[in-house]
Amino acid sequence: MTQSNIKKLEIELWEAADELRANSKLTASEYKDPLLGLILLRFAENKYEEAKENLSQTLPINPRTKERREATKEDFAAAGSMLLPEKAQYTYLASLPESEDLAEAVNTAMKLIEAEYEELAGILPKNYQDLTPEDDSDNNLLANLIRIFNSDSVRNAKGDVFGRVYEYFLMKLSMMGAGAQEGGEFFTPPSLVQLIVNFIQPNHGIIHDPACGSGGMFVQTAHFIKDTENKSVNEAITVYGTEYKSNTTRLAKMNLAIHGIEGKIANNNSFYSDPFELFGKCDFVMANPPFNVDKVDAKNKFLAEDQRLPFGAPLTGKGTIGNGNYLWIQYFMSYLNPTGRAGFVMASSATDAGNAEKRIREELIKTGNVDCIVSISNNFFYTRSLPCHLWFFDKGKSKSNRDKILMIDARNVYRKVSTTINDFSEEQMEGLTAIMAMHRGEAPKVAKDNAWFNEHFPDGKYRDIEGLCKVVTLDEVAEQDYSLTPGRYVGVNIDIDMDFDYKSRMEILHSELAELNTEANDLMNQIQSFKL
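Residues numbered from 1 in each chain as written. Predicted model: local features only at pLDDT ≥ 70, side-chain atom pairs only at ≥ 80, totals over all residues. Heavy atoms only, no water.

(A) The overall build of the chain, seen in detail. Each helix and strand in the chain was counted, giving 21 helices and 11 strands. Principal axes of the C-alpha set define a box for the chain whose edges measure 95 × 70 × 55 Å. Partitioning the intrachain contacts of the chain with sequence separation of at least 6 by distance along the chain shows that 71% fall at a separation of at least 24. Here the chain has roughly 26,200 Å² of accessible surface; of this, 49% comes from carbon and sulfur atoms. Taking the average place of the 57 positive charges on the side chains of the chain and the average place of its 78 negative ones, the gap between the two points comes to 5 Å. (Helix = DSSP H or I, 4+ residues; strand = E, 2+ residues; numbered from the N terminus. Contact = heavy atoms within 4.5 Å. Areas by Shrake-Rupley, 256 points an atom, 1.4 Å probe, with all protein chains shown as cover. Lys, Arg positive; Asp, Glu negative; His and termini not counted. Charge placed at Lys NZ, Arg CZ, Asp CG, Glu CD.)

(B) Representation of the sheet that holds strand 2 (residues 237–242). With mixed pairing, 9 strands are arranged side by side in an open sheet as 3-2-1-4-5-7-6-8-11. Across the chains shown, the open sheet's two edge strands, defined by having one partner strand only, are strand 3 (263–266) and strand 11 (469–473). For this sheet, the mean angle separating the axes of adjacent strands, direction not counted, is 15°. As judged from the 7 bridges shared by strand 5 (residues 336–347) and strand 7 (residues 388–394), these two strands associate in the antiparallel manner. Bridge pairing links Phe344 to Trp391 in strand 7. (Pairing = 2+ DSSP bridges. Axes fitted to C-alpha atoms, helices over the stretch in contact; angles between N-to-C directions.)

(C) Geometry of a negative patch on the surface. Where like charges cluster on the molecular surface, the negative patch consists of Glu512, Glu515, Glu519 and Asp522. Topologically, Asp522 is positioned in helix 21 (residues 502–529). The exposure class assigned to Asp522 is partly exposed, which follows from its relative accessible area of 40%. (Patch = residues over 30% accessible without salt bridge, like charges linked within 9 Å, V, L, I, M, F, W, Y side chains within 5 Å. Salt bridge = Lys/Arg side-chain N within 4 Å of Asp/Glu carboxyl O. Buried < 20%, exposed > 50% of the residue type's maximum accessible area, 1.4 Å probe, protein only.)

(D) How the structure looks around the pattern of salt bridges. Per the counting criterion, the structure on display carries 19 salt bridges. With a shortest N-O distance of 2.9 Å, Arg415 and Asp423 are connected by a salt bridge. Relative accessible area serves as the criterion here: at 40%, Arg415 is assigned to the partly exposed category.

(E) The side chain of Thr188, seen in detail. The topology assignment puts Thr188 in the loop between helix 9 (178–181) and helix 10 (190–200). A polar contact is formed between the side chain of Thr188 and the side chain of Asn288, at a distance of 3.0 Å. When near neighbours in sequence (up to four residues on either side) are disregarded, Thr188 contacts Val193, Met217, Asn288 and Val345. (Polar contact = N/O pair within 3.5 Å; in protein donor to acceptor, adjacent residues only side chain to side chain.)

(F) Structural view of the layout of surface pockets. Within this model, the second largest pocket holds a volume of roughly 990 Å³. Along its surface, the second largest pocket is lined by 33 residues, and Leu256, Ala257, Gly260, Ile261 and Glu262 are the ones closest to its centre. Secondary structure elements with two or more residues in the lining of the second largest pocket: helix 2 (28–58), helix 3 (73–78), helix 12 (233–236), helix 13 (246–258) and strand 3. Class assignment of the residues belonging to the lining of the second largest pocket gives a composition of 15 nonpolar, 8 polar and 10 charged. (1 Å grid on protein atoms, 1.4 Å probe; cavity = no way out; pocket = protein on both sides within 12 Å on 5 of 7 lines; lining within 4 Å. Points joined across faces, edges and corners; volume = space filled by probe spheres on them. Nonpolar A, V, L, I, M, F, W, Y, C, P; charged D, E, K, R; others polar.)

(G) Spotlight on the environment of Gly317. With respect to the secondary-structure elements, Gly317 resides in the loop between helix 14 (301–304) and helix 15 (325–335). Note on Gly317: relative accessible area 89%, which makes it exposed. As a C-alpha pair, Gly317 and Ala356 span 39 residues in sequence and 9.1 Å in three-dimensional space.

(H) Representation of the nonpolar core. Within the largest apolar cluster, 64 residues are counted, with the highest numbers of intra-cluster contacts made by Val106, Leu145 and Phe169. Sorting the residues of this core by element identifies helix 1 (3–22), helix 2, helix 4 (90–94), helix 5 (102–116), helix 6 (141–148), helix 8 (161–175) and helix 13 as the ones contributing at least two each. Ranked by residue count, the leading element in this core is helix 2, at 12 residues. Contact partners of Val106, with chain neighbours within four places excluded, come to Leu38, Leu41, Leu93, Tyr128, Leu142 and Ile146. (Core = buried A, V, L, I, M, F, W, Y, C linked by side-chain atoms within 4.5 Å.)

(I) Geometry of helix 1. With 20 residues, helix 1 should cover 28 Å at 1.5 Å per step; its first-to-last C-alpha distance of 28 Å lies within 8% of that length. Taken together, the buried positions of helix 1 are occupied by Ile6, Leu9, Glu10, Leu13, Trp14, Ala17, Leu20 and Arg21. For helix 1, the angular spread of the buried residues around the axis is 125°, confining them to a single face. Across helix 1 from its buried face, at more than 90 degrees, point the exposed residues Ser4, Glu15 and Glu19. Residues of helix 1 that are buried sit in contact with helix 2, helix 6, helix 7 (152–155) and helix 8. (Expected span 1.5 Å × (residues − 1). Arc of directions from axis to C-beta.)

(J) Region of the structure containing the confidence of the model for the chain. Averaged over every residue, the pLDDT of the chain is 89; the share at 70 or more is 94%. Within the model, pLDDT remains below 50 along residues 180–184, and this stretch shows 10 contacts once partners closer than five positions in the same chain are excluded. (pLDDT = per-residue confidence, 0-100.)

Encoded structure:
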């Protein structure tokens, strides 16, 4: 299936599934888990049928019976598939007569899979009765939803198609606010994840995300490895994730399963636990942690003794922790081994935060491990419009870059997807990635017709560009009171739109201001003339 065909299938499936939800009484949050669970069931059967066909041709023949031996659970696992009991197979569910309790049948299918596969125990949704409420007999939501994922194009889909569909559905559900309804984000926008992966190049070893959400960082890493390495994902990396919300933990485990990624996801609070004890062991750390978390318990015994906080907790004058940002930032650096790299999303306020946070930031900068900071514009997230920064650490920096930091102000680099959502175009993504490569002394990998890159770097070599990027020394950062805000260093590129009629616009604004002033004076006169 070509990329365009996969994209077409994603859109068709989503539109059909969303139309069913729109005609029901379910919110996006209520719909999310059972919907994604059905995608996993469909995927599991497709992989099962593919493996069964392959095993029927490759299993050894018994010399006595002249027949191939029966495939085992281990055989299917080696072929990248589950061995599905009949009543856990999607076609069995799709062929049930209307007289059967379909919701109970799907719940049973999920239980059967969990019973066979310990890593999925307690993870799969088993609330399909929510899709068959008593007053929904006309819409028959669950039956119609199962039918959508039983079309010929879906049944014949192979390879990573279902991983793509799962990611697409996660993105669309996040755009509808499903994560916000549960009190947070479960999905980091693809543009930000892709830029982090491109910058740190996580192609080997131990990879950790201490605030892993639905596991998008791991999935994008898997795509990167498939595109760049001559080995399987599970040969190249070992992934560990920690997620505080139990429902999101289930999403992450399903996401890894549907992409064939072996990994461990713990349902823990990273502020008060370190479930995998990965201090100093990680080759790569990636994360999009919750910003500006308050009410972190500064008196918690684990936190008070946490080796992941080499510069201490960011305590206020009252001995409390008013903001968790610099806990996360220290965790990310502490997890890295001597050559490890980290890339993470962080609130914009963190680059200039004062008091205890400033003290910690100064210490972090002095380690020489801060590699790059990227300013991101508004509207990259689906349920909040605030800008953010991407931070990058590299403990294995080249000697020539040890006392330098690459500052990129990408607030004017974006593609407008809609009135409320921005992302990076392919050219912009490739160009930003090339800036980091050139900073490291590597040859940039860009298409010859990349207009964005050719405009900014016509000779294909790095140069400081006003308003976009600058390599600064640690001495320069010290002079700026240890601020890590790129805008302080790269300057401002004044971009005048020659097609915009500034004079007429100013005349309109002056006229509107005059009217407002007149109204204000009238109101003032009325107030002053009023007598009690």
